[in-house]
Amino acid sequence: MKLLVCIKQVPDMESRFKPNGSGTWFDEADLAWRMNEYDEYAVEEAVRLREQLGESAELTVLSIGPDRVVEAIKKALAMGADRAVHIQDPAVADKDPWQIASIIVAHAREQQYDLIFTGMQSQDRGSAQVGVLVAEQLGLSCATTLVGFSYENGIVTAKRELEGGIKGVARLRLPALVTCQLGLNVPRYPTLPNIMKAKKKEIAALPVDGLLAEPAVAVTTSFHPPAKKGGGVVLEGEVGVLVDKVIGILKEKTAILR
Amino acid sequence: MKSLLIGEYREGRLLDTTYELIGFAGQLGAESAMLLVGSDSQLPAFNGTIYLADAGVCGEYNPDLHKQLILEVVGKLNPDCIVFMHTSYGWDLAPRVAAALKCAQISEIVAITDNGFEVGCCNAKMRRTVRSATGRTVLTIQAGAFPVAGREGTPCVEQLTTAVTSTLEFVGYEPAEAKDVDLAKADVIVTAGRGVGKKENVPVIQALAKALGGELGASRPVVDAGWVDHSHQVGTTGQTVSPKLYIACGVSGAIQHLAGMKKSDFIVAINKDKDAPIGEVADLLVVADVMQFVPALTAKLQ
Ligand SMILES: Cc1cc2nc3c(=O)[nH]c(=O)nc-3n(C[C@H](O)[C@H](O)[C@H](O)COP(=O)(O)OP(=O)(O)OC[C@H]3O[C@@H](n4cnc5c(N)ncnc54)[C@H](O)[C@@H]3O)c2cc1C
Ligand SMILES: Nc1ncnc2c1ncn2[C@@H]1O[C@H](COP(=O)(O)O)[C@@H](O)[C@H]1O
């Protein structure tokens with residue numbers, strides 16, 4: 001059985017984001033990068049299935065982006081993926097979800113994966129589109145926002161998270177694609193021996209040029225901070241002083257402290 | 001400008017968010033029709049055509065079936081945009097429709113501007129303005145971002161039927177976990193976010209809650225990591241609260257968290273990041289390290 005997990009590398013969300021030269025995305029200087037949080041759950045679930053199936057299965061991890069994304073790929077390999085595909089694209093930030101999905105589809109169509117895992121959304125773009133678009137273009141059965149996953153005899157049982165904590169359970173026949181939600185599992189930390197083992201695993205590098213035929217369908221015209229709603233007080237300074245100020249404000253504004 | 005609004009039913013009940021779709025279409029200045037897989041005993045007040053497929057026949061949500069129904073109505077109506085709420089229903093179904101129509105999708109819209117639609121990005125810290133480059137566009141809108149339409153009007157109903165074969169089979173619902181802590185009753189809630197760093201630090205937040213006579217709240221990652229029990233989670237997949245005082249410690253302020261607490265009377269946020277989106281709802285943002293500030297505050301209160 002051939003398994004694929006798609007991962008995106010994103011900046012640490014605690015970074016300060018400044019618009020880049022074209023004003024349509026963030027400036028990448030001085031950012032720390034990591035694996036998209038939702039994709040960590042996808043990798044963990046895929047690795048667990050790979051372990052359940054044993055030698056009859058192979059798990060490929062795929063990421064599209066510049067050379068820096070190899071760091072995220074290496075983490076997935078150290079978590080237990082067997083091999084990797086790095087689709088080299090220095091201009092990945094300019095692609096829309098439709099194009100990202102088309103690139104994944106161009107690769108996956110040849111490879112005929114039985115089951116694909118993606119994150120429910122990326123933390124930086126947050127479109128929640130790529131996984132479903134890939135499934136639709138490949139004609140795969142698809143369920144999103146998984147907080148529960150099991151597989152037996154060609155059937156995936158997916159527990160989808162709905163609003164208010166309710167879950168919807170569905171069964172999917174392979175080939176299929178699932179998108180993973182926070183809390184699906186507890187992603188493992190790569191151990192040192194596994195990090196060493198991962199160094200020997202194959203990372204196939206493919207230039208994006210041969211894989212993308214589609215033009216963008218959505219155009220970003222601006223990247224900017226939200227308009228300040230105002231009203232709120234911002235306090236900075238030494239902790240002791242802050243504590244006194246906060247107690248003063250709480251006494252004045254709430255009925256909790258007297 | 002013509003729009004097709006996709007409302008939602010669950011277990012025979014029309015979801016209230018349907019009125020947000022109508023509110024959005026109003027702001028867009030669009031002439032709109034609606035598609036519902038529901039029942040004629042529970043129709044929204046709406047001035048326009050409702051294309052209705054009977055949920056009694058169609059069953060609960062099946063993406064292949066709902067996609068097919070939408071495509072049929074799109075064929076009849078030729079709308080410029082197809083609008084969903086950005087909910088578990090909308091984000092599941094919208095890209096399927098966009099893929100079938102080979103058109104742009106713009107996700108989780110928070111505002112309409114002259115240059116396109118505003119959407120959040122980078123965990124809600126930033127915004128993008130996005131424009132569609134295709135003649136038709138699929139849109140999903142953020143819950144709570146647009147005014148709820150007044151409940152007026154009588155729809156003109158057109159029945160739809162369709163049949164599809166699907167590789168996905170709906171099995172059933174699982175109810176939400178029972179909550180043994182009712183946060184809604186608390187006057188004060190002090191919430192631990194991921195910024196508290198580790199499980200061992202949670203008692204520090206709990207001590208502040210106790211000093212104020214309140215309850216401990218938690219953001220989702222803190223619950224997912226097993227630091228705090230799910231019954232304390234605040235947000236769209238936890239509890240909705242509106243205490244007199246809400247103190248968010250190391251919480252970034254993601255929309256799903258804000259949805260659960262933004263109606264609190266007075267909101268204090270403690271965050272080392274001055275730009276954290278929690279600042280948008282906080283009455284008071286204290287820029288500090290939680291593990292330095294919170295113990296000092298607790299000590300002073302005792
Ligand atoms: C469908 C869906 C449903 C969801 N439902 C919920 C829900 O019900 N409730 C919920 O909470 N989330 C929910 N989420 C998750 C949500 O999107 C966010 O991921 C989550 O709220 C982030 O939690 P956080 O703020 O604790 O962590 P983070 O986003 O990681 O933020 C941590 C914050 O702590 C600050 N910080 C770090 N260290 C320190 C320090 N030493 N001192 C002070 N500040 C510090 C950082 O600056 C940052 O702002 C949902 C997501 C989805 C997709
Ligand atoms: N550049 C990328 N490379 C590989 N996978 C990606 C990339 N961008 C997005 N994805 C996948 O698509 C999911 C949804 O992304 P998005 O539609 O941007 O919210 C992510 O969680 C990833 O699994």
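Since this is a predicted model, take the numbers as computed values, not measurements. (Residues numbered from 1 in each chain as written. Chains lettered and ligands numbered in written order. Predicted model: local features only at pLDDT ≥ 70, side-chain atom pairs only at ≥ 80, totals over all residues. Heavy atoms only, no water.)

**Brief notes about the overall build of chain A**
Per the secondary structure count, chain A includes 6 helices and 13 strands. When the backbone C-alpha atoms are referred to their principal axes, chain A occupies close to 65 × 40 × 40 Å. A buried classification covers 55% of the 258 residues belonging to chain A. Residue pairs at least 24 apart in sequence account for 71% of intrachain contacts in chain A once pairs closer than 6 positions are excluded. Per element, the accessible surface of chain A, about 11,100 Å² overall, is 52% carbon and sulfur. Computed over 30 positive and 33 negative side-chain charges, the separation of the two mean positions in chain A equals 4 Å. (Helix = DSSP H or I, 4+ residues; strand = E, 2+ residues; numbered from the N terminus. Buried < 20%, exposed > 50% of the residue type's maximum accessible area, 1.4 Å probe, protein only. Contact = heavy atoms within 4.5 Å. Areas by Shrake-Rupley, 256 points an atom, 1.4 Å probe, with all protein chains shown as cover. Lys, Arg positive; Asp, Glu negative; His and termini not counted. Charge placed at Lys NZ, Arg CZ, Asp CG, Glu CD.)

**Some points on the sheet that holds strand 16 (residues 266–271) of chain B**
Spatial ordering of the open sheet is given by 13(A)-17(B)-16(B)-15(B)-13(B)-14(B), a layout of 6 strands whose pairing is parallel. Sheet topology places strand 13 (233–236) of chain A together with strand 14 (215–218) of chain B at the edges, where each strand pairs with a single neighbour. Between one strand axis and the next, the sheet turns by 20° as a mean value, whatever way the strands run. Sheet analysis places strand 13 (residues 188–192) of chain B next to strand 14 of chain B, joined by 4 bridges and oriented parallel. Bridged to Ile189 of chain B within strand 14 of chain B is Glu215 of chain B. Across the sheet, helix 8 (residues 290–301) of chain B touches strand 15 (245–249), strand 16 and strand 17 (284–287) of chain B, and the angle it forms with strand 16 of chain B is around 130°. (Pairing = 2+ DSSP bridges. Axes fitted to C-alpha atoms, helices over the stretch in contact; angles between N-to-C directions.)

**Considerations on the interface of chain A and chain B**
It is common to report an interface's size as the accessible area lost on association of the parts. Listed per partner, the contact involves 73 residues of chain A and 77 residues of chain B. Taking both sides of the interface into account, the surface hidden between chain A and chain B amounts to around 6,800 Å²; carbon and sulfur atoms contribute 57%. The interface formed by chain A and chain B contains 12 salt bridges. A salt bridge links Asp275 of chain B to Arg16 of chain A; the nearest nitrogen and oxygen atoms lie 2.8 Å apart. At the boundary of chain A with chain B, the tally comes to 40 residue pairs in polar contact (both at pLDDT 80 or more). In terms of residue class, the side of chain A that touches chain B is built from 38 nonpolar, 18 polar and 17 charged. As paired elements, strand 13 of chain A and strand 17 of chain B share 4 bridges and run parallel to each other. Paired with Val234 of chain A across the bridge in strand 17 of chain B is Leu285 of chain B. (Buried area = accessible area lost by both parts, 1.4 Å probe. Salt bridge = Lys/Arg side-chain N within 4 Å of Asp/Glu carboxyl O. Polar contact = N/O pair within 3.5 Å; in protein donor to acceptor, adjacent residues only side chain to side chain. Nonpolar A, V, L, I, M, F, W, Y, C, P; charged D, E, K, R; others polar.)

**Quick notes on the pattern of salt bridges**
Evaluation of the coordinates by the stated rule reveals 30 salt bridges over all chains. For Arg68 of chain A, the salt bridge identified is with Glu28 of chain A, shortest N-O distance 3.0 Å. Remark: Glu28 of chain A occurs in the loop between strand 2 (9–11) and strand 3 (33–35) and Arg68 of chain A occurs in the loop between strand 4 (58–65) and helix 2 (70–79); sequence separation between them is 40 residues. Residue classification places Arg68 of chain A among the partly exposed positions, given a relative accessible area of 21%. The exposure class assigned to Glu28 of chain A is partly exposed, which follows from its relative accessible area of 33%. Lys300 of chain B serves as the salt-bridge partner of Asp244 of chain A, at 2.8 Å between the closest nitrogen and oxygen. Here Asp244 of chain A, found in helix 6 (residues 239–253), pairs with Lys300 of chain B, found in helix 8, and the two come from separate chains. Connected through salt bridges with shared partners, the residues Glu136 and Arg160 of chain A together with Lys67, Asp92 and Arg96 of chain B form a single ionic network.

**Comments concerning the site of ligand 2**
Residues and elements named next belong to chain A. As a structural note, the neighbourhood of ligand 2 is formed by 19 residues, with Cys6, Asp39, Ser122, Ser127 and Ala128 the closest of them. Asp39 is positioned such that a nitrogen or oxygen atom in its side chain is 2.5 Å from an oxygen atom of ligand 2. A distance of 2.9 Å is found between an oxygen atom of ligand 2 and a backbone nitrogen or oxygen belonging to Val130. Notes on ligand 2: free accessible area 490 Å², of which the protein chains cover 98%. (Near = heavy atom within 4 Å.)

**Here's the deal with the side chain of His86 of chain A**
Residue and element names in this part refer to chain A. Relative to the helices and strands, His86 is located in strand 5 (residues 83–88). Its relative accessible area of 2% is what places His86 among the buried residues. A polar side-chain atom of His86 sits 3.4 Å from the main-chain carbonyl oxygen of Pro66. Filtering out sequence-adjacent residues up to four positions away, His86 remains in contact with Ser63, Gly65, Pro66, Asp67, Val69, Val70, Ile73, Ile203, Ala204, Ala205 and Leu206.

**Side note on the site of ligand 1**
Looking at ligand 1, there are 34 residues lining it, with Arg194, Ser219, Thr237, Ser252 and Gln256 of chain B nearest. Ligand 1 sits at the junction of chains A and B, each of which supplies nearby residues. Within the side chain of Gln233 of chain B, a nitrogen or oxygen atom sits 3.0 Å from an oxygen atom of ligand 1. Val234 of chain B has a polar backbone atom sitting 2.8 Å from a nitrogen atom of ligand 1. For ligand 1, the accessible surface in isolation is 980 Å², of which the surrounding protein chains cover 93%. Among the elements of the structure, helix 6 (220–224) and helix 7 (255–261) of chain B are those that each provide at least two residues to the shell around ligand 1. Partitioned by chemical class, the residues of the shell around ligand 1 number 11 nonpolar, 16 polar and 7 charged.

**Structural notes on helix 3 (residues 97–111) of chain A**
Residue and element names in this part refer to chain A. Here helix 3 is 15 residues long and its end C-alpha atoms lie 21 Å apart, about the 21 Å a rise of 1.5 Å per residue gives. Across the 15 residues that make up helix 3, a large majority, 11, are buried. Among the residues of helix 3, Pro97, Trp98, Gln99, Ile100, Ala101, Ser102, Ile103, Ile104, Val105, His107 and Ala108 are the ones counted as buried. Of the residues trailing helix 3, Gln112 is marked for its positive phi of about 55°. (Expected span 1.5 Å × (residues − 1).)

**Section: the sheet that holds strand 6 (residues 81–85) of chain B**
With respect to topology, 10 strands assemble into an open sheet ordered 12(A)-9(B)-8(B)-7(B)-10(B)-6(B)-1(B)-4(B)-5(B)-11(B), the strand pairing being mixed. The sheet terminates laterally at strand 12 (218–224) of chain A together with strand 11 (156–160) of chain B, the two strands that pair on one side only. Neighbouring strand axes in the sheet, compared pairwise and without regard to direction, differ in orientation by 35° on average. As paired elements, strand 4 (residues 31–38) of chain B and strand 5 (residues 49–54) of chain B share 5 bridges and run parallel to each other. Of the residues in strand 5 of chain B, the one forming a bridge with Val37 of chain B is Ala53 of chain B.

**Concerning the nonpolar core**
Counting residues in each nonpolar core, the largest one holds 57 residues, and the members touching the most others are Ile116 of chain A together with Phe24 and Ile109 of chain B. Here this core gets 7 residues from one element, more than from any other, and that element is helix 3 of chain A. Those residues in contact with Ile116 of chain A that lie beyond four places of it in its chain are Leu4, Cys6, Ala108, Val134, Leu138, Leu140, Ala176, Leu177 and Val178 of chain A. (Core = buried A, V, L, I, M, F, W, Y, C linked by side-chain atoms within 4.5 Å.)

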